[in-house]
Amino acid sequence: MITLRSFVGGAWAAGAGPLDTLVNPATEEGLARAGSGGVDRAAALDFARAKGGPALRAMSFAERGALLKAMADAFTAHRNELLDLSVTSGGNTRSDAKFDVDGATFTLAAYAEIGKGLGEARFLVDGEGVTLGRSPRFHGQHVAVPRHGVAVHINAFNFPAWGFAEKAAVALLAGVPVITKPATSSSILTHRMVEILVEKQVLPAGALSLLVGGVGDLLEHVGPQDVVAFTGSGETGTKIRALGSIIRNSVRVNVEADSLNAAVLGPDVEPGSETWHYALKDVLRDMTQKAGQKCTAIRRILIQGGVAVRFRDDLVDRLKAMTVGNPADESVRMGPLATAGQLQDVRGGVEKLAADGRAAFGSAAPLAGAGAPPGKGFFISPVLLEVAPGAAAPAVHTHEVFGPVATLVPYSGEAGAAAEIVARGSGGLVSSVYSEDPAFTSDVVLGLAPYHGRVFLGTAKIAELSPGPGTVLPQLVHGGPGRAGGGEELGGIRGLAFYLQRVALEGAKPMVERIAGIKGGETR
Ligand code: NAP
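Residue indices begin from 1 for each chain and proceed along its sequence in written order. Predicted model: local features are reported for residues with pLDDT of at least 70 only, side-chain atom pairs are reported and counted for 80 or more only, and whole-chain, interface and lining totals are derived from all residues. Side-chain figures throughout are based on the complete set of non-hydrogen atoms in the structure, without hydrogens or water.

**Student:** Describe the overall build of the chain, listing the residues and the values that go with them.
**Tutor:** Secondary structure assignment for the chain yields 14 helices and 22 strands. Computed over the C-alpha atoms, the radius of gyration of the chain is 24 Å, within 12% of the 24 Å expected from 2.2 N^0.38 for a compact globule of 524 residues. The rule is simple: take the accessible area with a 1.4 Å probe, protein chains only, and divide by the maximum for that residue type; under 20% is buried, over 50% is exposed, in between is partly exposed. Taken over 524 residues, the chain has a buried fraction of 57%. Two residues form a contact once any of their heavy atoms are found within 4.5 Å. For the chain, the share of sequence-separated contacts (at least 6 apart) that also reach a separation of at least 24 residues comes to 76%. A total accessible area of about 20300 Å² is found for the chain, and carbon and sulfur atoms account for 55% of it. Taken together, the 49 basic and 51 acidic charged side chains of the chain have centroids lying 5 Å from each other. For helices the rule is a DSSP run of H or I covering at least 4 residues; for strands it is a run of E covering at least 2, with both sets numbered from the N terminus onward. Here the radius of gyration uses the C-alpha set of atoms, whereas the globule reference equals 2.2 Å times the residue count to the power 0.38. Computed by Shrake-Rupley with a 1.4 Å probe, the accessible areas treat only the displayed protein chains as cover when residues are assessed. His is not counted, nor are the chain ends; Lys and Arg add positive charge and Asp and Glu add negative charge. Where a charge lies is defined by one atom per residue type, namely NZ (Lys), CZ (Arg), CG (Asp) and CD (Glu).

So this is what it looks like as structure tokens:
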């Protein structure tokens, strides 16, 4: 069994004191030990600020983009090893593993391209300049420059590769060094990825540090130039926001938290039609991909009352064909949950939701996984619940069960009613509308938009092109209001704003434009 270490201050540091044991969730075989006792977090932040920040800020966007490209290339060179590790350490099928690992590489490559496009500049010019007085000589121009702090990234257990890379790509391109802290339970994959980057010396000293194990006092040492980007439960996000160091220093915090994502089927969608099958495919994928441990997974399916039974039966037929078990076995289509704690939470959550309706498929009962040692593994069946038409179903609209669980919610078929029901989720990452009727789609989308970071329009025209609502694309924003944490990440160049300080330059036009690098071919 290996012992994971943190990479701080430009060196590997073993954690002292009690260590957690990380296991294969399908077999419960021990894989690694991890802990962060004794790791000097204050010194880690200082090193990143003193070494990594200046090195990155001295580079142009194109040069920082080249670093991201080198990161992507390094992971591609180790792709099979990383996929294998994702299967054994995360309970992922090979397809789930690709979703995480290839998603990481793809996002890094996408931001590398953005960096290339931004060229020799080292900061961003924000919008057009403005004349401020009677004469055009008195001029204003906004620019956005890299902050002189550290980007502290705290990630959830479900995407140890993508979660690490999507945050790091944006911060590094902005010119801000990163300390990444994966969830302890799945940190073995992030640890290996950082190890690869260190072995290949891909990044300048201090640009990327890794804290493996509990967060400890890391956030007590953040200062006014630092930022914290967190992905995980709403409960932990609330604790982070309330920390004295965060409040006192006005530290920017981005929270990506829970979400009760919905799929709305329009009344125009006939059973058996192309759009019907498209919706079924997306719902099935979201329920079972990564055993439903995906923040963007569809949790609520709104379907017109008259066809709800048919949709349920079609979905149940597909769920029946799903083999749950050890993903090392090639016949397995859905792996276990990531940890024993997750299994316990999901079981409790299913019981809570079941109080609102009834189970149409599956249950929270213990399940033997195909190809797993008897009595071992954190397996659960996919669970489809259904509520009665018009039922208030309070738990369904307020409690996120982070597993292969979704609920059918019959509705009247009216756009306003659908939007009202979805909004009971109090803010989400993404919801989708499956309909070929532009008037219905438009009404639902405008009703959903204030409550979401992204709305997915499922029409047959994109069925062959789109990976579905559950996939976060680097070009589009990821985040959402309310329950989803109120954060926003990615969105192409938009994502850089979190790491940059916008500043208005106000003065004589030639001076302002020279500093902003607008005239005379000056590099910024
Ligand atoms: P979690 O328990 O909140 O943990 C998330 C991260 O926070 C882990 O790295 C954890 O470290 C760390 N942490 C725990 N206590 C902390 C504290 N007091 N201060 C600072 N950091 C602390 O969440 P999770 O169980 O890993 O993830 C599941 C949740 O994440 C679900 O609710 C899901 O909806 C949400 N999620 C959201 C998104 C999104 O993009 N919106 C994506 C994925 C998941 P340790 O592991 O060392 O405890």
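**Student:** Give a detailed account of helix α5 (residues 162-174), specifying residues and quantitative values.
**Tutor:** Because each turn of an α-helix spans 3.6 residues, side chains separated by three or four positions in sequence point in the same direction. Compared with the 18 Å implied by 1.5 Å per residue over 13 residues, the 18 Å span of α5 between its first and last C-alpha is a close match. Of the residues one or two after α5, Gly 175 is the one with positive phi, at around 100°. A helix is expected to span 1.5 Å multiplied by its residue count minus one.

**Student:** Which residues make up the confidence of the model for the chain, and what values do they have?
**Tutor:** What pLDDT conveys is the predictor's confidence in a given residue, as a value from 0 to 100. In this model, the chain carries a mean pLDDT of 96, and residues with pLDDT of at least 70 account for 99%. Counting contacts from residues 520-524, a segment whose pLDDT is below 50, to residues more than four positions away or on other chains yields eleven contacts.

**Student:** Before we move on, could you go through the site of the ligand and cite the residues and values that matter?
**Tutor:** Any residue with a non-hydrogen atom lying within 4 Å of a molecule or strand is treated as near it. Near the ligand, the surroundings consist of 26 residues, among which Asn 155, Thr 184, Ser 233, Thr 236 and His 478 are the closest. Interatomic distance of 2.7 Å between a backbone N/O atom of Asn 155 and an oxygen atom of the ligand. Pairing of N or O atoms within 3.5 Å defines a polar contact, subject to two protein rules: one partner must be a possible hydrogen donor and the other a possible acceptor, and residues neighboring in sequence count only if both atoms are side-chain atoms. A distance of 2.8 Å separates an oxygen atom of the ligand from a polar side-chain atom of Asp 258. Bound to the protein, the ligand loses 80% of the 920 Å² it would expose on its own.

**Student:** Tell me about the sheet that holds strand β4 (residues 20-23), and name the residues and values.
**Tutor:** The three strands are arranged β1-β5-β4 in an open sheet whose pairing can be described as mixed. Both outer strands of the open sheet, β1 (2-3) and β4, are each paired with one neighbouring strand and no more. The axes are straight lines fitted to the C-alpha atoms, using for helices just the contacting stretch, and the angles between their N-to-C directions are given from 0 to 180°. Lying on the sheet, helix α6 (residues 187-199) is in contact with β1, β4 and β5 (30-34); it crosses β5 at an angle near 70°. By definition, two strands form a pair when at least two bridges between them are found by DSSP.

**Student:** Go over the nonpolar core, please, and point to the residues and values.
**Tutor:** Proteins that are soluble and globular tend to have nonpolar side chains buried together. Ranked by internal contacts, the top residues of the largest apolar core, which has 64 residues, are Leu 68, Met 71, Phe 164, Leu 172, Leu 197, Leu 203 and Tyr 499. Elements with a contribution of two residues or more to this core: β5, α2 (61-77), α3 (79-90), α4 (94-118), α5, α6, β10 (208-210) and β11 (227-231). Tallying contributions element by element places α5 first for this core, with ten residues. With sequence-adjacent residues up to four places away left out, Met 71 is seen in contact with Leu 108, Phe 164, Leu 172, Leu 197, Val 202 and Leu 203. In this structure, Ala 372, Ile 380, Leu 429 and Phe 456 belong to the second largest nonpolar core, which totals 53 residues. What we call a nonpolar core is a set of buried Ala, Val, Leu, Ile, Met, Phe, Trp, Tyr and Cys residues that are connected through their side-chain atoms within 4.5 Å.

**Student:** Describe the pattern of salt bridges, naming the residues involved and giving the relevant values.
**Tutor:** Here, a salt bridge means any Lys or Arg side-chain nitrogen found within 4 Å of an Asp or Glu carboxyl oxygen. Evaluation of the coordinates by the stated rule reveals 20 salt bridges. With a closest N to O distance of 2.4 Å, Arg 192 and Glu 81 form a salt bridge. With Arg 192 in helix α6 and Glu 81 in helix α3, this residue pair connects regions lying 111 residues apart in the sequence. In this structure Arg 192 comes out as buried when scored by relative accessible area, which is 13%.

**Student:** Could you give an account of the packing of α2 against α6, with specific residues and numbers?
**Tutor:** At a minimum axis distance of 10 Å, the contact between α2 and α6 shows a crossing angle of 115°. The angle between the axes of α2 and α6 places the two elements in the roughly perpendicular class. Where α2 crosses over α6, the two elements pack in a sense that is right-handed. Residues Met 71, Ala 74 and Phe 75 of α2 form the contact with α6, whose own contacting residues are Met 193, Ile 196 and Leu 197. A class-by-class count of the residues in the contact of α2 with α6 yields six nonpolar, no polar and no charged. Here roughly perpendicular refers to angles of 65 to 115 degrees, roughly parallel to angles under 35, roughly antiparallel to angles over 145, and oblique to all remaining angles. Should the near helix be turned counterclockwise from the far one by less than a right angle, the crossing is left-handed, whereas a clockwise turn marks it as right-handed. As a working rule, the residues Ala, Val, Leu, Ile, Met, Phe, Trp, Tyr, Cys and Pro are called nonpolar, Asp, Glu, Lys and Arg charged, and the rest polar, with Gly in that last group.

**Student:** Quick one: what's the story with the pairing of β5, residue by residue and with numbers?
**Tutor:** Pairing of β1 with β5 involves two bridges; the strand directions are parallel. Across the sheet, residue Thr 3 finds its bridge partner in β5, namely Arg 33. Here β4 pairs with β5 via four bridges, running antiparallel. Residue pairing in the sheet places Leu 22 in a bridge with Ala 32 of β5. Linking two consecutive strands that pair antiparallel, namely β4 and β5, is a turn of six residues; a positive phi of about 65° is found at Glu 28 within it.

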